[in-house]
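Now for the letters of each chain:
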Amino acid sequence: MPAARTSRRRSVRTAITLAVLPVFAVLSACGYGSDNKDDKTKPAAQASGGQSSAGTSASEIRLGFFANVTHATPLVGLKEGLYQKELGSTSVKTQVFNAGPAAIEALKGGSIDATYIGPNPSISGFTSTNGELLRIVAGTTSGGASLVVKPGINSAADLKGKKIASPQLGGTQDVAVRSWLASQGLKTDTKGGGDVSIVPTDNAQTLALFKSGELDGGWLPEPWATRLVQEAGAKVLVDERTLWPEGKFVTTNLIVRKKFLDEHPDTVEALIKGQIATTSWIQANPDKAKTDVNDQLTAFTQKGLAPAVIDNAWKNIEVTNDPLATSLLKLKDDGVKAGITKDADIHGIYDLTLLNKVLQAAGQPAVADAGLGAKK
């Protein structure tokens, strides 16, 4: 569709710089489908107070994430200076993405060292490079994705002939919607054909296109699912948590370029320490964490969320350091069935050694890799 192609040419391009106080300015961002090949990173926020000057073996770490509530951990951890406290004089440069496949391309191109990202792009990045590109070193978020649709759509059968958005072809929500539609007997293809047309679209453009009637819904991460409901009159047809045992499945991982992990394990360990500290801080300060996330989204998108939106979106996620590895196997199979991912061995995709070391030092239980740990 012309509108979808237009959205793929757009990117959120903002830059963030934090001075002495934990206040963010603009950040150079890479959005999905950008025609600009010169996206650059800028120094990330450095909050005052308690910061070590020791640093790590790397002079800097280039970190990616998305401007979504499902990426609350890096949004809060950078704002509060919790990563920088552990990294000391090692600087953090940040880059923002709309969806996972674009982040994987940046990882392949060597423009970032680590990124928060969904599981299916992690799998694609691992399998497409014979396991050489990346390792999943921690989990981050469970939940926070839904299929939201026009009010007149009440079942899967009502979706036949409709247009449904996903953030990017091959992304986690893209695989989820295709897999669910297949389970309902509805066909899709990667070119937008089939019984239901899947239209990869920037999240912000999905909201606008839904309002204009050009889209009938979307399988979206938070806060976009909630925004379509509260700002555009959509309704939730499928909360993805209802499709998983105990409502738990991995939405966001932390992955690291294998070469960087091999060369700078102490830097990655410091990054993980910052994440674990952030997870605990969020759990202890949920209201302040929501404010931090909203401040960050305002910086990236120039528009903050209404209190009702951030409150509802927050209820739909769970921050966790557990990668929920057993869910990754099903997600891999879903990607294969959807024609997004080639069937391949993903043993070795996890390296939770540093995560479990830090968790145990903090008196927290170790987490499992479902037998998919890095081969020694």
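Please refer to the structure higher up on the page.
Structure report, in brief. Numbering of residues begins from 1 in every chain and follows the order in which that chain's sequence is written. For this predicted model, a pLDDT threshold of at least 70 governs which residues receive local features, and a threshold of 80 or more governs which side-chain atom pairs are given and counted, while totals over whole chains, interfaces and linings are taken from all residues. Only hydrogens and water are set aside when side-chain values are computed; all heavy atoms of the structure are taken into account.

1. Topic: the overall build of the protein chain
Alright, step 1. Secondary structure counts use DSSP, requiring at least four H or I residues in a row for a helix and at least two E residues in a row for a strand, with both numbered from the N terminus. Looking only at helices and strands, the protein chain has 14 helices and twelve strands in total.
Alright, step 2. Per-residue accessibility, obtained with a 1.4 Å probe over protein chains only, is compared with the maximum for each type, and a residue is labelled buried under 20%, exposed over 50%, and partly exposed between these values. Across the 376 residues of the protein chain, 58% fall into the buried class.
Alright, step 3. Any pair of residues with heavy atoms lying within 4.5 Å of one another is described as a contacting pair. The contacts in the protein chain between residues at least 6 apart in sequence include a share of 77% that link residues at least 24 apart.
Alright, step 4. Areas reported as accessible are Shrake-Rupley estimates using a 1.4 Å probe. Residue values count occlusion only from the protein chains shown. Total accessible area on the protein chain is roughly 14400 Å²; 51% of this is exposed by carbon and sulfur atoms.

2. Some remarks on the sheet that holds strand 7 (residues 163-166)
Alright, step 1. Whether two strands pair comes down to DSSP finding at least two bridges between them. With respect to topology, five strands assemble into an open sheet ordered 8-7-9-6-10, the strand pairing being mixed. Pairing within the sheet leaves two strands with one partner each, and these edge strands are strand 8 (197-200) and strand 10 (235-239). Here the strands of the sheet are splayed against their neighbours by 25° on average, with no regard to which way each runs.
Alright, step 2. Here strand 6 (residues 145-149) pairs with strand 9 (residues 217-221) via five bridges, running antiparallel. Note on strand 9: the bridge partner recorded for Leu147 is Trp219.
Alright, step 3. Each axis is a line fitted through C-alpha atoms, and for a helix only the stretch in contact is used; angles between axes span 0 to 180 degrees, taken between their N-to-C directions. Those strands touched by helix 6 (residues 172-183) are strand 6, strand 7, strand 8, strand 9 and strand 10, and its axis lies near 130° from that of strand 9.

3. Brief notes about the side chain of Glu222
Alright, step 1. Secondary-structure assignment places Glu222 in the loop between strand 9 and helix 8 (224-232).
Alright, step 2. For the purpose of counting charges, residues Lys and Arg are taken to be positive, whereas Asp and Glu are taken to be negative. His and the chain ends are not included. Salt bridge criterion: a side-chain nitrogen from Lys or Arg within 4 Å of a carboxyl oxygen from Asp or Glu. It turns out Glu222 is buried and unbridged, and the closest side chain with the opposite charge, Arg241, is 7.1 Å from it.
Alright, step 3. Pairing of N or O atoms within 3.5 Å defines a polar contact, subject to two protein rules: one partner must be a possible hydrogen donor and the other a possible acceptor, and residues neighboring in sequence count only if both atoms are side-chain atoms. Within the structure, the side chain of Glu222 is placed 2.8 Å from the side chain of Asn316, a separation counted as a polar contact.
Alright, step 4. Discounting chain neighbours no more than four positions away, the residues touching Glu222 are Asn68, Val69, Thr70, Gly144, Ala313 and Asn316.

4. A few points about the nonpolar core
Alright, step 1. Each nonpolar core is a collection of buried residues, namely Ala, Val, Leu, Ile, Met, Phe, Trp, Tyr and Cys, held together in the definition by side-chain atoms within 4.5 Å. Core analysis: the biggest nonpolar cluster contains 66 residues, and Val69, Leu254, Ile272, Val293 and Ile349 have the highest contact counts within it.
Alright, step 2. In terms of residues, this core owes the most to one element, helix 10 (residues 265-284), which gives six residues.
Alright, step 3. With residues near it in sequence (within four places) discarded, Ile349 still touches Ser122, Ile123, Phe126, Leu134, Arg135, Ile136, Leu328 and Leu372.
Alright, step 4. Counting residues in each nonpolar core, the second largest holds 16 residues, with Ala156, Ile164, Leu186 and Trp219 among its members.

5. Concerning the packing of aromatic side chains
Each pair of aromatic rings is reported with the distance of its centres and the angle of its planes.
Alright, step 1. Aromatic rings from Phe, Tyr and Trp, with only the six-membered ring used for Trp, were paired whenever their centres fell within 6.5 Å, and each pair was classed as stacked if the ring planes differed by under 30 degrees, edge-to-face if by over 60, and tilted otherwise. According to the stated counting rule, one finds three aromatic pairs in the structure shown.
Alright, step 2. Between the aromatic rings of Trp180 and Trp219, the centroid separation amounts to 6.2 Å while the plane-to-plane angle is 50°, which identifies the pairing as tilted. Taken together, the residues span a long stretch of sequence, with Trp180 in helix 6 and Trp219 in strand 9 at a distance of 39 residues. Like Trp219, Trp180 is buried.
Alright, step 3. Between the aromatic rings of Trp244 and Phe249, the centroid separation amounts to 5.5 Å while the plane-to-plane angle is 15°, which identifies the pairing as stacked. Neither residue differs from the other here; Trp244 and Phe249 are each classed as buried.

6. Topic: the packing of helix 4 (residues 100-109) against helix 5 (residues 119-127)
Alright, step 1. One can describe the packing of helix 4 onto helix 5 by two numbers: an axis separation of 9 Å at closest approach and a directional angle of 35°. When the axes of helix 4 and helix 5 are compared, the crossing they make is right-handed. Residues Gly100, Pro101 and Ile104 of helix 4 form the contact with helix 5, whose own contacting residues are Pro121, Ser122 and Gly125.
Alright, step 2. Gly falls in the polar group here, along with every residue not listed as nonpolar (Ala, Val, Leu, Ile, Met, Phe, Trp, Tyr, Cys, Pro) or charged (Asp, Glu, Lys, Arg). Looking at the contact of helix 4 with helix 5 residue by residue, the classes come out as three nonpolar, three polar and no charged. What makes a crossing left-handed is the near helix being turned counterclockwise from the far one by less than a right angle; a clockwise turn instead makes it right-handed.

7. Quick notes on the pairing of strand 5 (residues 134-143)
Alright, step 1. For strand 5, a buried count of ten out of ten residues is recorded, marking the element as mostly surrounded by other parts of the structure.
Alright, step 2. The sheet contact formed by strand 5 and strand 11 (residues 250-257) spans seven bridges and is antiparallel. Looking at the pairing, Ser142 lines up with Val250 of strand 11.
Alright, step 3. For strand 5 and strand 12 (residues 317-319), the ladder comprises three bridges, and the chain directions are antiparallel. From the neighbouring strand, Thr141 faces strand 12, where its bridge partner is Val319.

8. Quick notes on helix 8
Alright, step 1. Listed as buried for helix 8 are Trp224, Ala225, Thr226, Arg227 and Leu228.
Alright, step 2. On its buried face, helix 8 sits against strand 6, helix 7 (203-211), strand 9 and helix 12 (307-315).

9. A short note on the environment of Lys211
Alright, step 1. Relative to the helices and strands, Lys211 resides in helix 7.
Alright, step 2. Separated by 23 residues in sequence, Lys211 and Ala234 place their C-alpha atoms 9.2 Å apart.
Alright, step 3. With residues near it in sequence (within four places) discarded, Lys211 still touches Glu231 and Ala232.

10. Details of the side chain of Thr73
Alright, step 1. Mapped onto the elements, Thr73 comes out in helix 2 (residues 72-79).
Alright, step 2. For Thr73, the residues in contact, after removing those within four places along its chain, are Tyr83, Thr140, Gln275, Thr278, Thr279, Ile282 and Val319.

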